[in-house]
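Here is what each chain is made of, one letter per residue.
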Amino acid sequence: MLDKANRYIAENKDRTEKRYRPRFHAVAPTGWINDPNGFHYDGKRYHLFCQHYPYKAEWNDMHWGHWQSADLAMWEDLPVAMAPDRPYDEFGCFSGTALPDGKGGAQIMYTGVCEQGKLQQQCLAYFDGTDIHQSKETTRNVRFNVGLVFQYPEYQLFEETVYKDIEFGLKK
């Protein structure tokens, strides 16, 4: 799915009307974006991910778009970083966070949605500074069924110990 998304963008990005595109913001070349995720500094460049559906300007099964910047003003659009391509995120790679590892990479924690949107769970991945490794795995001890919504996972660093926080609530 990742190759499919990046191929679609490459084939369609020139169809976007350039005069309506911002010059100083991270913006996807095609499709829908929302919810910035995994914003971090690797020691050289800033990285920003966001929920992204590359195929249409509408909400759908979320991928993760990716940009990098040296100055927070000019952003370089990079290939789609993550796609819903595993059983535990087949209906979307939603909100997440990044914890830089001090070597140019970052641990990624995000909300994977599966079972036709009925199950949300926290998933782990690794960003090596260029790509998010496709060896994503779920954190099997954090799963909630329909009726409970949780997103916005966050890493907290306190006295050299990493804590994982998750915001959750009842589905309306």
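So, how was this worked out
Residues numbered from 1 in each chain as written. Predicted model: local features only at pLDDT ≥ 70, side-chain atom pairs only at ≥ 80, totals over all residues. Heavy atoms only, no water. Salt bridge = Lys/Arg side-chain N within 4 Å of Asp/Glu carboxyl O. Helix = DSSP H or I, 4+ residues; strand = E, 2+ residues; numbered from the N terminus. Buried < 20%, exposed > 50% of the residue type's maximum accessible area, 1.4 Å probe, protein only. Contact = heavy atoms within 4.5 Å. Polar contact = N/O pair within 3.5 Å; in protein donor to acceptor, adjacent residues only side chain to side chain. Pairing = 2+ DSSP bridges. Axes fitted to C-alpha atoms, helices over the stretch in contact; angles between N-to-C directions.

S.K.: Can you walk me through the pattern of salt bridges in this structure?
M.R.: Note that side chains of opposite charge can pair when their charged atoms are close. Enumeration over the complete set of coordinates arrives at three salt bridges. The salt bridge involving Glu17 is made with Arg19; its shortest N-O contact spans 3.3 Å.

S.K.: Please explain the environment of Arg21 as it appears in this structure.
M.R.: By the element assignment, Arg21 lies in the loop between helix 1 (2-12) and strand 1 (32-41). Here Arg21 falls in the partly exposed class, since its relative accessible area comes to 22%. Excluding residues that lie within four positions of it along the chain, Arg21 makes contacts with Thr16, Val27, Ala28 and Pro29. A distance of 3.1 Å separates a polar atom in the side chain of Arg21 from the backbone oxygen of Ala28.

S.K.: How should I be thinking about the sheet that holds strand 2 (residues 46-53) in this particular structure?
M.R.: In a beta sheet, neighbouring strands pair by backbone hydrogen bonds and run either parallel or antiparallel. The strand order 1-2-3-4 describes an open sheet built from four strands, whose pairing is antiparallel. Each edge of the sheet is formed by a strand with only one pairing partner; in this case those strands are strand 1 and strand 4 (76-82). The sheet shows a mean angle of 30 degrees between the axes of neighbouring strands, taken without regard to direction. Relative to strand 2, strand 1 is paired through seven bridges, and the arrangement is antiparallel. Each bridged residue has a counterpart across the sheet, and for His40 the counterpart in strand 2 is His47. Here helix 1 sits on the sheet and contacts strand 2, strand 3 (63-69) and strand 4; the angle it forms with strand 4, its principal contact strand, is near 150 degrees.

It is worth stressing that arrangement in space is one thing and function is another; only the former is reported here.
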